[in-house]
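Tertiary structure, described
The residues making up each chain are set out below.
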Amino acid sequence: APKKAPEPKPPSTGSSVSQEEDQVPKAEASLMQKIARSKLVTSKAEIEVQRQDPFSPLHSIKSFDDLNLTPKLLRGVYEMGFNAPSKIQETALPILLATPPQNLIAQSQSGTGKTAAFVLAMLSRVNPDNNFPQVLCLSPTYELAIQTGEVAAKMGQFCDEIKLRYAVRGEELPRGHKLTEHIIIGTPGKVLDWATKYRFFDLSKITVFVLDEADVMIATQGHQDQSFRIRKHLKENCQIMFFSATYDDEVMQFAKGIVPNPVLIRLKREEESLDNIQQYYVICDSKEEKYQSIANIYGGITIGQAIIFCHTRKTASWLTDSMTKDGHAVALLTGELSVEDRINILDRFRVGKEKVLITTNVLSRGIDVEQVTIVVNFDLPIDQNRQADCETYLHRIGRTGRFGKSGIAVNLCSHAEMQTTLKQIQDHFGKKILPLNTDDSDELE
Ligand code: ADP
């Protein structure tokens, strides 16, 4: 089976973003999303397909059995608990595994099964008799490369003959070394160095080239150019697979430069809504009053988990300290933590070791841990002009509603805010936000 991940490297130092913003780089946000969400995101949206050659065959599959995979690989897929292909996989997999190979550009939101799809294609395209790199996957960061490699190791756990190598920081090879592994997963700079400067492997022998997280890739200075330089060395018949969570002009320009004659598939994001959310507010005129409300609510949570959003890191750590002092088990997640610490905290929260997570806007998007039943806005979300930030509000508490799961949102605000920010939010969504009596937490059940 593919080699294990290298030892984790020392954590990066905290970023220097302002307290108000508390944002993390795109690559880190993407990683946190992957960690926080362990399940497939399903979607009711229809898949869109565009291809240059309308005569090229196109079909979708309803079962992994229909893909002519080797029994060992198929076993690995089922071992991961995948019963049926996800929506994007139904269409992408036949394209990725087609003979002759077809190039693909695929866009769908994080969590819809892109990684699993291309990892499956990577493993199935390897010819283990050829002991040189044949499959190359570019990821934007060290951590994202390792994530992908771990999926490959798991899915390929019965394919002992397939070997994998990471081309990431910290991995060093002696001069003159020739790689014998079949699959290389790495970051653009290191891959370029290994291939062109040190000639550890030959890019012209690559038969499958994957570019993952293209939207994150272009957000990093230099990555796009390095990707193009790697691309230039590939043979014309190399199959190219290009993935992105978002779809915009910049990503499509990048895609055009990388992928000739692609089939393009898109799965539009299902919008979040407040349909199944009961929204409440509690008037609190000070931090301390807010704290008391939280303590009351905390006592009322018997099932599920809660996320509490604060506007600044300072408030978030104050709240964490206060609650911890009172004997509540809470976890704090802010942008100043190292990537490793954030991963650990999210991991613990996801498996339920922590019931309450206190955070800032670092977590406003994309984290829909299913078991979260209560979201508390310790501070109402506001933009730079101190107006209600309705988009962030929706991201924090909205659900895609597919499962009809209900949730509770509690907004802590002052009298003044109730008449301004909270009212703006209520008017924007056209849904009533009701007063909540937190002394009687039965209301929350
Ligand atoms: P993406 O790359 O689009 O973010 P992933 O491939 O990482 O999506 O899949 C998201 C989650 O869903 C992962 O936890 C993965 O193991 C799981 N998953 C992927 N495909 C399937 C499937 N066919 N059935 C069940 N779970 C799946």
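Residues numbered from 1 in each chain as written. Predicted model: local features only at pLDDT ≥ 70, side-chain atom pairs only at ≥ 80, totals over all residues. Heavy atoms only, no water.

Now for the overall build of the chain. Broken down by element type, the chain carries 15 helices and 15 strands. Intrachain contacts of the chain at a sequence separation of at least 6 include 78% that bridge at least 24 residues. (Helix = DSSP H or I, 4+ residues; strand = E, 2+ residues; numbered from the N terminus. Contact = heavy atoms within 4.5 Å.)

Judged by nonpolar contacts, the single largest core of 47 residues is most densely connected at L104, L120, M122, M155 and I183. Counting residues per element, this core draws most heavily on helix α4 (residues 114–125), which supplies 8 residues. L104 has contacts with A92, I95, L96, I240, M241, F242, F243, V259, V263 and I265, leaving out every residue within four places of it along the chain. (Core = buried A, V, L, I, M, F, W, Y, C linked by side-chain atoms within 4.5 Å. Buried < 20%, exposed > 50% of the residue type's maximum accessible area, 1.4 Å probe, protein only.)

Moving on, we come to the confidence of the model for the chain. Taken as a whole, the chain shows an average pLDDT of 87; of its residues, 87% reach a score of 70 or greater. Note on residues 7–20: pLDDT under 50 across the span, and 24 contacts to partners over four residues away in sequence or across chains. Across the interface, the model reports ipTM at 0.99; the global pTM reads 0.81. (pLDDT = per-residue confidence, 0-100.)

Here the residue pair T99 and P100 is connected by a cis peptide bond, since its omega of -10 degrees sits within 30 degrees of zero. The residue P100 is located in the loop between α3 (87–96) and β2 (103–108) in this model. One non-glycine residue, E213, lies in positive phi territory at about 50 degrees. Inspection of the secondary structure puts E213 in the loop between β6 (208–211) and α7 (214–217). By relative accessible area, E213 is classed as buried at 9%.

Along the chain, the position of E28 falls in helix α1 (residues 26–36). The class for E28 is buried, based on a relative accessible area of 19%. One polar contact links E28 to R342, side chain to side chain, over a distance of 2.7 Å. Those residues in contact with E28, other than ones at most four positions away along the chain, are V339 and R342. (Polar contact = N/O pair within 3.5 Å; in protein donor to acceptor, adjacent residues only side chain to side chain.)

Attention shifts here to the pattern of salt bridges. Summed over the entire model, instances satisfying the criterion amount to 13 salt bridges. A salt bridge links R169 to E143, with the shortest nitrogen-to-oxygen separation between them at 3.6 Å. Within this pair, whereas R169 is found in the loop between β4 (164–167) and β5 (183–186), its partner E143 is found in helix α5 (residues 142–155), the two being separated by 26 residues in sequence. On the accessibility criterion, R169 (39% relative accessible area) is partly exposed. Given the relative accessible area of 17%, E143 is considered buried. Here R165 and E181 are joined by a salt bridge, their closest N and O atoms 3.5 Å apart. In this pair, R165 is assigned in strand β4 and E181 in the loop between β4 and β5, connecting sequence segments 16 residues apart. There is no split in this pair, since R165 and E181 are both buried. Three or more residues are tied together by salt bridges with common partners; here these are R165, E171 and E181. (Salt bridge = Lys/Arg side-chain N within 4 Å of Asp/Glu carboxyl O.)

On the secondary structure map, A255 appears in helix α9 (residues 249–258). Between the C-alpha atoms of A255 and S244, which are 11 residues apart in sequence, the distance is 9.4 Å.

If you walk across this open sheet you meet the 8 strands as β1-β8-β2-β7-β6-β3-β5-β4, and the pairing is mixed. With partners counted over all chains shown, the strands left at the sheet margins are β1 (47–51) and β4, one partner each. On average, adjacent strands in this sheet sit at an angle of 15 degrees to one another, irrespective of strand direction. When strand β3 (residues 135–138) meets β5, the two strands line up parallel, connected through 4 bridges. Residue pairing in the sheet places L138 in a bridge with G186 of β5. Contacts between α3 and the sheet are confined to β1, β2, β7 (239–244) and β8 (262–267), with β8 contributing the most and set at about 170 degrees to the helix. (Pairing = 2+ DSSP bridges. Axes fitted to C-alpha atoms, helices over the stretch in contact; angles between N-to-C directions.)

In this section: α9. All buried positions along α9 are accounted for by V251, M252, F254, A255 and I258. The buried side chains of α9 occupy one side of the element, clustering within an arc of 160 degrees when seen end-on. For α9, the exposed residues set more than 90 degrees away from the buried face come down to D249, Q253 and K256. By the N-cap criterion, in which a side-chain oxygen at the helix start approaches the backbone nitrogen of a residue two or three places on, α9 is capped by D248, the distance to E250 being 3.1 Å. (Arc of directions from axis to C-beta.)

Under the criterion given, the structure shown has 10 aromatic pairs. Between F118 and F243 the ring centres are 4.9 Å apart and the planes differ by 40 degrees, which places this aromatic pair in the tilted class. Highlighted residues: F118 in helix α4 and F243 in strand β7, separated in sequence by 125 residues. Accessibility classification places F118 together with F243 in one group, the buried group. A connected cluster of aromatic rings, assembled from ring pairs, spans F64, Y78 and F82. Positioned above the aromatic ring of Y247 is the side chain of R266, whose terminal nitrogen or guanidinium carbon lies 3.6 Å from the ring centre. Positioned above the aromatic ring of W318 is the side chain of K287, whose terminal nitrogen or guanidinium carbon lies 4.4 Å from the ring centre. (Phe/Tyr/Trp six-rings, centres within 6.5 Å; stacked < 30°, edge-to-face > 60°. Lys NZ or Arg CZ within 6 Å of the ring centre and 35° of its normal.)

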